[in-house]
Amino acid sequence: MLRILKRIYHSGLLTENEPDYLQDPEVQALGSELKTVVDAHFNGSLAIRAVDAGSCNACELEIHAINGPHYDIERFGVHFVASPRHADVLLVTGPVSRHMETAVRRTWRAMAAPRFVIACGDCACNGGEFGSSYASCGAVENVIPVDLQIAGCPPSPVQLMRGILALMQKAKKI
Amino acid sequence: MNRFDWLSEYLARLEDEHVVVPSGNTQSLAPAHLLIIDPEDWAKVAVVAKQMGLRWAAIWGDEQDHDIVLTVVLVYQGDYIALRTAMTGDHPVIASHTPVYAAADRMERHLADMLGVQFDGHPDPRRWTRHRAWEADEYPLRAHFPAAGQGNGLTPADSDYPFPPIQGSGVYEIPVGPVHAGIIEPGHFRFQAAGEPILRLEERLGYVHKGIEKRAIGRDAEGLARLAARISGDSTVAHSWAACQALERACHVKIPAKASLIRGLLCERERVANHLGDIGAICNDVGFAFAQMQCQALREQWLRHSLTLTGHRLMMDVVLPGGVRVDIDQAGRELLRAEHVWLREQIGPLFDILNDHPSLEDRLLSSGYLSPASAAELGVSGYVGKASGQAVDLRKDSPYAPYSRLSFSVALSEAGDVAARMAIRQQEIYSSLELMNEMLDILENTAESEPTQVKLAPILGAEGLGLIDGWRGEIISHVRLDDKGRIAHFFARDPSWFSWPALERIVLGNIVPDFPVCNKSVNASYSGQDL
Ligand code: SF4
């Protein structure tokens, strides 16, 4: 136990309060408004349900990273939930494989309004390297309505956070 | 013993069974030996191979001038042989290898769905990769099947897949997925349980099938590398390497020593990054979040260095046909050396804690046991195999550049439980650090001016085999070029084809709530096997 406490003490706080991307004036503005928006429009918490609709799994790795100690997106009131019924946002990765088409629709239908959909990664935005085929429906918007696209293959944690912040701004106007 | 010394005995034993091998060669699928087999002898070649202890590693097939050509890969002591047979006709029928080799089960079903080959004597005739995106009498890998599909509207859920029912008092079923609660890939698990212990688990995969084999056809070398980099995102370096190696062998191109050293470095970086993530995640699945946070922090630093070195956190699209996109200069080498020292300092005390923590021991020791016999039967490689006594490591058994010049020991255990799979990962991190330092030493003495990439001139109609040890284990890739030098056939066999069936055995008798930790300790790829 003492070793664990010692290790935690020496690791210190890794979460980056002043990461480089906050130097970006645009994101800086978003960042400072984020908590306010989450508080005002999502009652202090924004719940995201991530669904892999056919990705290569690299997008998932980076989504994991934003929950890790360096990014810790939860400090902005954003957290990932296990059920679409608890979610405000559906974060979809991958081209939608035909075998996942119905599952993606059903997941989206299970969400309560207002609901938002983010297409995460190039595949989700435009089909990416896999495109549309006998096995793939291509972009997420071919299957369910999409509110925001985050490009990248995979989007980096910073791009993901920017995207989620941008969606909040958009949602605020609705 | 010399390479392929055993092959003469195999051929002699085949002859005893009245199987003649009409032809074969050592070039077209080098380093594997190619043997042409009569379709009638297809069952016998497997029976004899099994008697001699060969490991069954892959099957693929494609249509060539109305013939269906099947190729099976078998391995003995790190030597690969490819058995090939051709069948004519619209409804090819051939003996199944599954009654002899359990490992062949799902890959044969995949081929039945994709190419319309009927495997006689297969114990499980149900579909595997096909859900409801195409009909039972359509085969996507046939030449006349359009890649764009037949325009069959919305794809319904695959709700009538015949899971075998189970009966008995107090016995119940838990269907899970395809959409899972966590941030992971989709697939369906059907648990049958009595009380808490799992009586039976059946996996139903294929949800992320996105037509990779079909999409590969007609691409050029660069296009194939981009696709291969996305077979399984966590193995992007290993899969691109395997595909590029197959292409380079098909084109008789030898890449510069520097390029293979850099590939080796990147592949070991990928291994370390994934093992770090997995060790944290295994501990997290038994409620020990401390390890998860520590490992994630180390992994994040590691990925940031990958970004600095290669311009991509996961090193995607860095391995290219003919070499690599990046050079690692003096500054890069210094960064790496310092980073290796740093990681070693970090993981030493961390792993000490993990390996000496009673509540972790309580949950990980003896959970999720895979016997060495099961592992051998299922042909499992990588950390799952190594934790159950299977010393399969291509870097050692069938070394390719740069590993042919390096020495290291393969981590091995017979314990077969979750704790063993975690321990193997820890040991592999240490051995990767050593390997990477050795590679840096050699790189130090390589001329700065040496190129990192050479041009690839396609040899029309040629084929090649890629054999790479990725972080999950053995990857086998096959590439055949058409008469214009474009891809005519591509198949990549991810190690997950074998670790998924292993998971079905691993969970038996474990309690349902321990499924996540058992699953994490295996961490098979959905995307890599669904293709
Ligand atoms: S966008 Fe790139 S990383 Fe994400 S699923 Fe597609 S191929 Fe993989």
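## Structural notes on the overall build of chain A
- Counting secondary structure elements, chain A contains six helices and five strands.
- In chain A, once contacts between residues fewer than 6 apart in sequence are set aside, the share between residues at least 24 apart is 79%.
- Carbon and sulfur atoms form 53% of the exposed surface of chain A, whose accessible area is close to 7,200 Å².

## What about helix 3 (residues 105-115) of chain B?
Residues and elements named next belong to chain B.
- The buried count for helix 3 comes to nine of eleven residues, which makes it a mostly enclosed element.
- Among the residues making up helix 3, those that are buried are Arg106, Met107, Glu108, Arg109, His110, Leu111, Asp113, Met114 and Leu115.
- The first or second residue beyond helix 3 is Gly116, which carries a positive phi of 75°.

## Observations concerning the domain arrangement of chain B
Residue and element names in this part refer to chain B.
- Annotation of chain B at the domain level lists domain 1 (3-120), domain 2 (171-204) and domain 3 (212-447 + 460-529).
- Between the C-alpha centres of domain 1 and domain 3 there is a distance of 27 Å.
- The interface is formed by 28 residues belonging to domain 1 together with 27 residues belonging to domain 3.
- Of the roughly 2,300 Å² buried between domain 1 and domain 3 on both sides combined, carbon and sulfur atoms contribute 60%.
- Viewed at the interface, domain 3 and domain 1 are joined by four salt bridges.

## Observations concerning the environment of A:Arg162
All names here are of chain A.
- Along the chain, the position of Arg162 falls in helix 6 (residues 157-173).
- For Arg162, a relative accessible area of 32% corresponds to the partly exposed category.
- When the C-alpha atoms of Arg162 and Glu129 are compared, they prove to be 24 Å apart, with 33 residues separating the residues in sequence.

## Some thoughts on the nonpolar core
- Counting residues in each nonpolar core, the largest one holds 178 residues, and the members touching the most others are B:Tyr10, B:Trp56, B:Leu74, B:Ile81 and B:Phe490.
- Once residues within four sequence positions are removed from consideration, B:Trp56 is found in contact with B:Val72, B:Val73, B:Leu74, B:His97, B:Tyr101, B:Ala103, B:Ala104, B:Met107 and B:Phe498.
- In terms of nonpolar packing, the next biggest core, distinct from the first, is built from 25 residues, A:Val38, A:Ile63, A:Leu160 and A:Ile164 among them.

## Looking at the pattern of salt bridges
- For the structure on display, the rule yields 45 salt bridges over all chains.
- The partner of A:Glu62 in a salt bridge is B:Arg313, and the shortest N-O contact between them spans 2.5 Å. With A:Glu62 in helix 3 (residues 58-66) and B:Arg313 in the loop between helix 8 (289-310) and strand 11 (319-320), this residue pair bridges two chains. Take A:Glu62 and B:Arg313: they sit in the same class, and that class is buried.
- Among the salt bridges present, the one from B:Glu474 reaches B:Arg55, with a minimum N-O distance of 2.9 Å. With B:Glu474 in strand 14 (residues 473-481) and B:Arg55 in strand 3 (residues 55-64), this residue pair connects regions lying 419 residues apart in the sequence.

## Focus on the packing of helix 7 (residues 257-284) of chain B against helix 14 (residues 418-444) of chain B
Residues and elements named next belong to chain B.
- Running from N to C, helix 7 and helix 14 cross one another at 155°; their axes reach a closest spacing of 9 Å. Taken together, the axes of helix 7 and helix 14 lie roughly antiparallel to each other. Helix-helix and strand crossings are classified by hand; for helix 7 and helix 14 the assignment is left-handed.
- Within the contact of helix 7 with helix 14, the residues separate by chemical class into 17 nonpolar, four polar and seven charged.

## A closer look at the interface of chain B and chain A
- Taken together, the contact pairs 67 residues of chain B with 53 residues of chain A.
- When chain B packs against chain A, close to 4,700 Å² is buried across both sides, 58% of that on carbon and sulfur atoms.
- For the interface between chain B and chain A, the tally reads four salt bridges.
- Between the two partners, chain B and chain A, sit 28 residue pairs in polar contact (both at pLDDT 80 or more).
- Mapped onto the side of chain B that touches chain A, the elements with two or more residues apiece are helix 4 (212-216), helix 5 (221-228), helix 8 and helix 9 (330-354) of chain B.

## Considerations on the sheet that holds strand 5 (residues 148-150) of chain A
Residues and elements named next belong to chain A.
- With parallel pairing, five strands are arranged side by side in an open sheet as 2-1-3-4-5. This sheet does not close on itself; its edge strands, each paired only once, are strand 2 (78-80) and strand 5. Direction aside, the axes of adjacent strands within the sheet are offset by 25° on average.
- By the bridge criterion, five bridges tie strand 3 (residues 89-93) to strand 4 (residues 116-120) in an arrangement that is parallel. Among the inter-strand pairings, Val92 is bridged to a residue of strand 4, identified as Ala119.

## Here we look at the site of the ligand
- A:Ser55, A:Cys56, A:Ala58, A:Cys59, A:Gly121, A:Asp122, A:Cys123, A:Gly152, A:Cys153, A:Pro154 and B:Arg230 make up every residue found near the ligand.
- Around the ligand, the nearby residues trace back to chains A and B.
- Going through the elements one at a time, helix 3 and helix 5 (122-126) of chain A are the ones with two or more residues in the shell around the ligand.
- Tallied by class, residues from the shell around the ligand come to six nonpolar, three polar and two charged.

## So, the packing of helix 6 (residues 236-250) of chain B against helix 7 of chain B
All names here are of chain B.
- Between helix 6 and helix 7, whose axes approach to 8 Å, the crossing angle comes to 150°. Relative to helix 7, the element helix 6 is oriented roughly antiparallel. Contacts between helix 6 and helix 7 pair Thr236, Val237, Ala238, Trp241, Cys244 and Glu248 from the former with Ser260, Arg263, Gly264, Leu266, Cys267 and Glu270 from the latter.

## Quick notes on the pairing of strand 4 of chain A
All names here are of chain A.
- The buried fraction of strand 4 amounts to five of the five residues, a majority that puts the element mostly inside the structure.
- Because side chains alternate across strand 4, one face comprises the buried residues Phe116, Ile118 and Cys120, and the other comprises Val117 and Ala119, equally buried.
- The handedness of the strand 3 to strand 4 crossover, carried by helix 4 (residues 101-109), is right-handed.
- Summarising the sheet, strand 4 and strand 5 pair through three bridges and their orientation is parallel. Across the sheet, the residue bridging to Ala119 is Gln149, located in strand 5.

The rules behind these values
- Residues numbered from 1 in each chain as written.
- Chains lettered and ligands numbered in written order.
- Predicted model: local features only at pLDDT ≥ 70, side-chain atom pairs only at ≥ 80, totals over all residues.
- Heavy atoms only, no water.
- Helix = DSSP H or I, 4+ residues; strand = E, 2+ residues; numbered from the N terminus.
- Contact = heavy atoms within 4.5 Å.
- Areas by Shrake-Rupley, 256 points an atom, 1.4 Å probe, with all protein chains shown as cover.
- Buried < 20%, exposed > 50% of the residue type's maximum accessible area, 1.4 Å probe, protein only.
- Domains from an automatic or database assignment.
- Buried area = accessible area lost by both parts, 1.4 Å probe.
- Salt bridge = Lys/Arg side-chain N within 4 Å of Asp/Glu carboxyl O.
- Core = buried A, V, L, I, M, F, W, Y, C linked by side-chain atoms within 4.5 Å.
- Axes fitted to C-alpha atoms, helices over the stretch in contact; angles between N-to-C directions.
- Parallel < 35°, antiparallel > 145°, perpendicular 65-115°, else oblique.
- Left-handed = near helix turned anticlockwise from the far one by under 90°.
- Nonpolar A, V, L, I, M, F, W, Y, C, P; charged D, E, K, R; others polar.
- Polar contact = N/O pair within 3.5 Å; in protein donor to acceptor, adjacent residues only side chain to side chain.
- Pairing = 2+ DSSP bridges.
- Near = heavy atom within 4 Å.
- Right-handed = clockwise from strand over helix to strand, strands pointing away.

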